[in-house]
Every structure is written in C-alpha cells, then in structure tokens.
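# Examining the three-dimensional arrangement
Letter by letter, the chains look like this.
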Amino acid sequence: MSFSIGLTGGIGSGKSTVAALFRECGATIIDSDEISHRLTQPGGGAIAAIRAAFGDGYIDADGALDRQKMRQLVFSDPAARRRLEGILHPLIRTQMLVQAKAHAATSAYSLLVIPLLFETANYLKLVQRTLVVDCAEAAQVARTMQRSGLNEHEVRAIMAQQVSRFERLRRADDIIQNDGAPDALLPKVEQLHRRYLALSSGSN
C-alpha cells in the first residue's frame, strides 16, 4: 500500500473541490462516499444486510437504499445510525484498502477522502497523515443549503453528529483553509502535493 493521506472536513467545507485539485496534480483519490453509493445501489454489496437490518421499507422500488427515508431515521435514532454504520464502514474500509493496494505500484501516494475520519477509528489506521479542509461554520451551512436543498436545522443536525471544528483542527497534520475564493485553493494544494511527494519518497 502506498503512502496514504486522509482528507476530511465538516460538511460543506469543500472536500470534493480540494480532492479534485489533488487529482489534477496526479494524486490517486479514493472517496469513501463514492464507495458507499456503489454499495447501496441496486445489487450493491450492502443492500442485503441493510434489508435484513431495517426491512424492505428502506429499499426503494429499484432495489437501492432509500436515502431520504434512511437519513430521516438515522437523524432521529442514534441506535439506527450505529447499526447502519456497522454495516457500511467495514465494507467501505475493505474497498478502500483494495483500491489503495491496486494503485500502490503506479501512484506516489493516495488521498483517502473520509468525512468521518476522526469519528471512526478504523479509518485512521489506513492513513499515515491527516489533511483537514476547514472553513467557518456559517460558510458550511450556507454551502450545504445551496447544494442540497436542506434547511439550516437539517444541516446543523448533520454537523452535530460530526466531531467539532476545534477537535478536527487539533488532530490535523495539515490544514487547507477554504474561506476565500475557489481559485485560492490551487496554490495551497500544489504546495501540499509537493510535500506529500517528498514524504512518500522518504517512506519507501
């Protein structure tokens, strides 16, 4: 497995934008959300276990996870959220390992995009370094409302289930501040990309 960095940040912080810039620089990107979506599509590897744990009512007519209905459940029922995470996280972690190993021979390092990196200890074991994308909480709320159609209460409910901004920053090895214009991100990404290339070279 190549040198791996865990990229995380609160909802609406700009993780996907930063990951896309790292991809343009040549980094291998492995996204836990993309894996989760594949696992919960029709025929996905998590569907049978979700059906067994939650019943047919949480699987839509196409055979995929009913995301809206499940979102409503896990926000109101912490035990249900833990049950869902207990199904998904081990499968996601396994897929991330498979992808990282597959790219090890051709990529200097892998960037693992994991929103719940600090909330889920087993993900931390996959990475040698952590990168946090950070912005003001007001910006998180505004960006998420704009892109998702959720209201402020719903966005803040999601934020409340994540580690605090203070804790995230405290545990970060590297931080990209994303409060400014989008074009301000590229120089920050390029600087870190060079650092990660050097670190990966030294780890081999």
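Placed above this text is the structure.
Structure report, in brief. Given the structure is predicted, the values throughout are model-derived calculations rather than measurements. (Residues numbered from 1 in each chain as written. Predicted model: local features only at pLDDT ≥ 70, side-chain atom pairs only at ≥ 80, totals over all residues. Heavy atoms only, no water.)

This part takes up the nonpolar core. Residues Ile 50, Phe 54, Met 70 and Met 96 are the most contacted members of the largest nonpolar core, which totals 30 residues. No other element matches helix α5 (residues 78–103), which puts seven residues into this core. Grouped together as the second largest cluster of nonpolar side chains are 19 residues, Phe 3, Ala 27, Ile 176 and Leu 185 included. (Core = buried A, V, L, I, M, F, W, Y, C linked by side-chain atoms within 4.5 Å. Buried < 20%, exposed > 50% of the residue type's maximum accessible area, 1.4 Å probe, protein only. Helix = DSSP H or I, 4+ residues; strand = E, 2+ residues; numbered from the N terminus.)

To continue, consider the packing of helix α4 (residues 67–76) against α5. Orientation of α4 relative to α5, taken along the N-to-C sense of each, is 120 degrees, at an axis distance of 5 Å. By the angle between their directions, the pair α4 and α5 is classed as oblique. Seen from α4, the contacting residues are Met 70, Leu 73, Val 74 and Ser 76; seen from α5, they are Pro 78, Ala 80, Arg 81 and Leu 84. Residue composition of the contact of α4 with α5, grouped by class: six nonpolar, one polar and one charged. (Axes fitted to C-alpha atoms, helices over the stretch in contact; angles between N-to-C directions. Parallel < 35°, antiparallel > 145°, perpendicular 65-115°, else oblique. Contact = heavy atoms within 4.5 Å. Nonpolar A, V, L, I, M, F, W, Y, C, P; charged D, E, K, R; others polar.)

Inspection of the entire model under this criterion finds eight salt bridges. Linking Asp 134 and Arg 165 is a salt bridge whose minimum nitrogen-to-oxygen distance equals 2.8 Å. Of this pair, Asp 134 sits in strand β4 (residues 129–134) while Arg 165 sits in helix α9 (residues 165–171); the two residues are 31 residues apart in sequence, bridging distant segments of the chain. Given a relative accessible area of 26%, Arg 165 falls into the partly exposed group. Across the pair Glu 167 and Arg 171 runs a salt bridge whose closest N-O atoms are separated by 3.9 Å. Of the two residues, Glu 167 and Arg 171 are both situated in helix α9; the distance of four residues between them amounts to about one turn of the helix. Using a relative accessible area of 22% as the deciding quantity, one classes Glu 167 as partly exposed. (Salt bridge = Lys/Arg side-chain N within 4 Å of Asp/Glu carboxyl O.)

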